[in-house]
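Overview (structure and organization)
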Amino acid sequence: MKIARDKAFLITIDTEGDAAWAQPRVIETRNAQYLQRFQSLCERFGFKPTYLTNYEMALAPAMQELGHDIIRRGTGEIGMHLHAWHSPPEHALTPDDLHHQPFLIEYPTAVLQQKVRHLTDLLEQTFATKMLSHRAGRWSFDSRYARTLVDCGYIVDCSVTPTVSWRDTPGDPAQHGGTDFRPFPSQAYFMDLDQIDRPGRSPLLELPMTIRSSRRSWARHLPAAFERLPRIGPKLSKARWLRPGRGNLAQMQQLVQDMVADDAPYIEFMLHSSEFMPGGNPTFVSEADIEALYSDLEQLFETIAKHFSGATLAGYAQRVRAGQAPSLGHLAA
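Residues numbered from 1 in each chain as written. Predicted model: local features only at pLDDT ≥ 70, side-chain atom pairs only at ≥ 80, totals over all residues. Heavy atoms only, no water.

1. Quick word on the packing of helix α9 (residues 249-261) against helix α10 (residues 287-305)
The relative placement of two packed helices is expressed as an angle between their axes plus a distance between the axes. Running from amino to carboxyl end, α9 crosses α10 at an angle of 10 degrees, the nearest separation of the two axes being 10 Å. Classified by the interaxial angle, the pair formed by α9 and α10 is roughly parallel. Along this stretch, α9 crosses α10, giving a crossing that reads as right-handed. Listed contacts from α10 to L249, M252, Q253, V256 and Q257 of α9 are D296, Q299, L300, T303 and I304. Residue classes in the contact of α9 with α10 are distributed as five nonpolar, four polar and one charged. (Axes fitted to C-alpha atoms, helices over the stretch in contact; angles between N-to-C directions. Helix = DSSP H or I, 4+ residues; strand = E, 2+ residues; numbered from the N terminus. Parallel < 35°, antiparallel > 145°, perpendicular 65-115°, else oblique. Left-handed = near helix turned anticlockwise from the far one by under 90°. Contact = heavy atoms within 4.5 Å. Nonpolar A, V, L, I, M, F, W, Y, C, P; charged D, E, K, R; others polar.)

2. So, the packing of aromatic side chains
For the structure on display, the rule yields 16 aromatic pairs. When the ring of F9 is compared with that of F47, the centres are 4.8 Å apart and the planes differ by 80 degrees; the resulting orientation is edge-to-face. One end of the pair, F9, is in strand β1 (residues 8-15); the other, F47, is in the loop between α1 (35-44) and β2 (50-53), with 38 residues separating them in the sequence. Each member of the pair, F9 as well as F47, is classed as buried. Their ring planes at 45 degrees and their centres at 4.9 Å tell us that F141 and Y145 sit as a pair that is tilted. For F141, a relative accessible area of 2% gives the class buried. On the basis of relative accessible area, Y145 is assigned to the buried category, the value being 0%. One residue, R37, lies across the ring of Y294, its end atom 3.8 Å from the ring centre. The ring centre of F103 lies 4.5 Å from the NZ or CZ of R138, which sits over that ring. (Phe/Tyr/Trp six-rings, centres within 6.5 Å; stacked < 30°, edge-to-face > 60°. Buried < 20%, exposed > 50% of the residue type's maximum accessible area, 1.4 Å probe, protein only. Lys NZ or Arg CZ within 6 Å of the ring centre and 35° of its normal.)

3. Things to note about empty space enclosed by the protein
All told, the structure shown has three cavities of 30 Å³ or more when counted by the stated rule. Approximately 80 Å³ is the volume found for the second largest cavity. In terms of lining residues, the second largest cavity is bounded by G17, D18, A20, P24, I27, E56, H83, W85, H86, L98 and Q101. (1 Å grid on protein atoms, 1.4 Å probe; cavity = no way out; pocket = protein on both sides within 12 Å on 5 of 7 lines; lining within 4 Å. Points joined across faces, edges and corners; volume = space filled by probe spheres on them.)

4. Considerations on the nonpolar core
F9, F38, F141, Y145, F269 and F301 are the most contacted members of the largest nonpolar core, which totals 77 residues. Excluding its chain neighbours within four sequence positions, the residues that come into contact with F301 are F9, I11, F38, L41, C42, F45, F47 and F269. L205, A314, V320 and A325 belong to the second-largest nonpolar core, a separate cluster that totals 19 residues. (Core = buried A, V, L, I, M, F, W, Y, C linked by side-chain atoms within 4.5 Å.)

5. Remarks on the pattern of salt bridges
Per the stated rule, a full pass over the model turns up 20 salt bridges. Between E28 and R30 there is a salt bridge, with its nearest N and O atoms 3.4 Å apart. Take E28: its relative accessible area is 39%, and that puts it in the partly exposed class. On the basis of relative accessibility, which here comes to 45%, the residue R30 falls in the partly exposed class. A salt bridge links D258 to R240, with the shortest nitrogen-to-oxygen separation between them at 3.0 Å. Of this pair, D258 sits in helix α9 while R240 sits in strand β9 (residues 239-241); the two residues are 18 residues apart in sequence, bridging distant segments of the chain. No difference in accessibility class separates D258 from R240, as the two residues are buried. Salt bridges sharing common partners tie together E43, D69, R72 and R73. (Salt bridge = Lys/Arg side-chain N within 4 Å of Asp/Glu carboxyl O.)

Quick look at the structure:
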């Protein structure tokens, strides 16, 4: 079968500290030591992950080593992922930010801008490369955030989760929860920086996550631990994401086939870096869980490789801008 080389498989890894779901008082980065196995798997299929890296992982020696290696060999990308409650400069927003994990969009504009610029500078200095790709921590985004990214030279964002609202997900308890992405496009578009749920003529390309609403719940395919977590469980149970859970290989395979049938120009996969470490997350707790994850990834990647070629976020965005990817029509800048 001839692969459509202009159709891209985008692998995005939220590269962050261990067990963020547990709101740890001390944030560790042991999971960075588990990423090389995943990188090697991706390279075997010709895929190029984008590691969207947050503050603590930028400081982790194992992540620094991996990042320098993939940049040198052109086998992946380092982008930015910002957990506002733990990313300098410090600004106490709630009585206990480590517990509440407030969204960046809940901070004053000046603080939001300072945090984005500080982490951008740290990542660029650490990895000696320009930051071009971004995903918001805890999936929440607004116009101020988008404008700040543009000001810092980012060309692509992947924070939008079509069909999913995070309004009921708490951050600062004195505010109103996360972003409601239900009215947002499900396909790529250049953002209107004044109204980010519609196409405009800014240089910021939005590549929404591959998510489809589901007529039936995914709840039985998720671990009980996720269902007890208000921060994530209810959202995943109402939609089909291109992201692994325990026992959802068939659902991911079907989602890929649905996207192929729809002639989708790209599909976007995500996982957290801590999900490659046993016990670093509520889903893959044991060594056996990790082995099952890799078995599923092997089969999933075999299916995807028949239809899509690997690309980093920035690489794909540059192809779109150059007219070398499927046309976005009226969405293009």
